[in-house]
Amino acid sequence: MIRSLRTTPPNWTAIRAVLAKDLRAVRRSKAVILPMLLVPALLMIALPAGLGIAARNRVAGDLGGLLDSIPDRIAAPLESLPERERLLVLILGYLLAPLFLVVPLMVSAVLAADAFAGEKERRTLEALLHLPISDRDLFIAKLASAFLPAVAVSWIGFVAFAIVSNVIGWPVMQRIFIPTRLWAVVILWVAPAVATLGLGVMVRVSARAKTTQEANQLGGAVILPLIFLAVGQSTGLLLVDLPVAFAIGAGVWILAIWLVARGARKFTRDALATGL
């Protein structure tokens, strides 16, 4: 049975049906949709806009003391810029970088926590388990229902961030300075890997939890360290060479896929049914 399932192609019609059902449930749930949209809007639009305006309007002065207090890898490229551009580039180009790995991780965790625990809360899990769909295809659908919105929110949020940053910075910069090639690697390659890493953990937690709140509490012990790690490492990603950035992203992808594969092997309807 397991061998035949591995050789059978996924039933994409059934997967799309479950995915569409989950996305409709997400749109109708204020407890899920509000943090999924409001927090990224605050972090990727409102906060950069406020800090960018403050940096743009700041009277140019000697930033030598500030540059001395930050890593040389960040200070060196800033020192080559005209003085009036330094603070703007420092804030919008580097210091806000952690936000763009926190957002996909946070959104995927919120949605993955709702994947099965939400079904139990809404009392729709029993009907879901009786659908004519294999365990593997059901797992794929649940992953996609968290992964696709998380990546979409991250990419749309970054486009909004880039527009806001370049519009605010134009009077000083007189050029488009975001995104750079390394920014593109972080957003297009690393951010989806981080989203997969988060949902690889949270889907398994959600399958065991009885409520979304319980899933978030259980998953927080794992997700919070990942968020701190993302915050600590994302600025450094903008300072390495492109091959190194791709390699870091590949490492995150390998870990994320390993977690997802382990979750898929242990995922069964019987294990879900025990939580009813």
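Above this note sits the structure.
Residues numbered from 1 in each chain as written. Predicted model: local features only at pLDDT ≥ 70, side-chain atom pairs only at ≥ 80, totals over all residues. Heavy atoms only, no water.

Draft legend 1. Focus on helix α6 (residues 83-95). With 13 residues, α6 should cover 18 Å at 1.5 Å per step; its first-to-last C-alpha distance of 18 Å lies within 8% of that length. Roughly 35° is the biggest bend found in α6, and it falls at V89. With ten of 13 residues buried, α6 is to be regarded as a mostly interior element. Within α6, burial applies to E85, R86, L87, L88, V89, L90, I91, L92, G93 and Y94. (Helix = DSSP H or I, 4+ residues; strand = E, 2+ residues; numbered from the N terminus. Expected span 1.5 Å × (residues − 1). Bend = angle between axes of the 7 residues up to and from the residue. Buried < 20%, exposed > 50% of the residue type's maximum accessible area, 1.4 Å probe, protein only.)

Draft legend 2. Region of the structure containing the packing of helix α3 (residues 30-57) against helix α9 (residues 135-173). Packing of α3 against α9 brings their axes to within 9 Å, and their N-to-C directions diverge by 15°. In terms of axis orientation, α3 runs roughly parallel to α9. In the crossing of α3 with α9, the sense of the turn from one axis to the other is right-handed. Between α3 and α9, the residues in contact are M36, L37, P40, M44, I45, P48, A49, G52, I53 and R56 and P149, V153, S154, G157, F158, A160, F161, V164, I168, P171 and V172, respectively. (Axes fitted to C-alpha atoms, helices over the stretch in contact; angles between N-to-C directions. Parallel < 35°, antiparallel > 145°, perpendicular 65-115°, else oblique. Left-handed = near helix turned anticlockwise from the far one by under 90°. Contact = heavy atoms within 4.5 Å.)

Draft legend 3. Looking closely at the environment of A247. Inspection of the secondary structure assignment puts A247 in helix α12 (residues 242-266). With 57 residues separating them in the primary sequence, A247 and V190 have C-alpha atoms 9.7 Å apart.

Draft legend 4. Representation of unusual backbone geometry. Omega for the bond connecting I178 with P179 falls within 30 degrees of zero, at 10°, which places this linkage in the cis form. The residue P179 is located in the loop between α9 and α10 (181-208) in this model. Unlike most non-glycine residues, Q174 shows phi in positive territory, near 60°. In this structure, Q174 sits in the loop between α9 and α10.

Draft legend 5. Focus on the packing of aromatic side chains. Taken as a whole and assessed by the stated rule, the structure comprises eight aromatic pairs. Ring geometry for F158 and W183: centres 5.4 Å apart, planes at 35°, overall tilted. Taken together, the residues span a long stretch of sequence, with F158 in helix α9 and W183 in helix α10 at a distance of 25 residues. Pair check on accessibility: F158 and W183 agree, each one buried. With 6.0 Å between their ring centres and 45° between their planes, W189 and W253 make a pair best called tilted. One end of the pair, W189, is in helix α10; the other, W253, is in helix α12, and 64 residues separate them in sequence. Through pairs of rings, three or more aromatic residues link up here, namely F100, F158, F161 and W183. (Phe/Tyr/Trp six-rings, centres within 6.5 Å; stacked < 30°, edge-to-face > 60°.)

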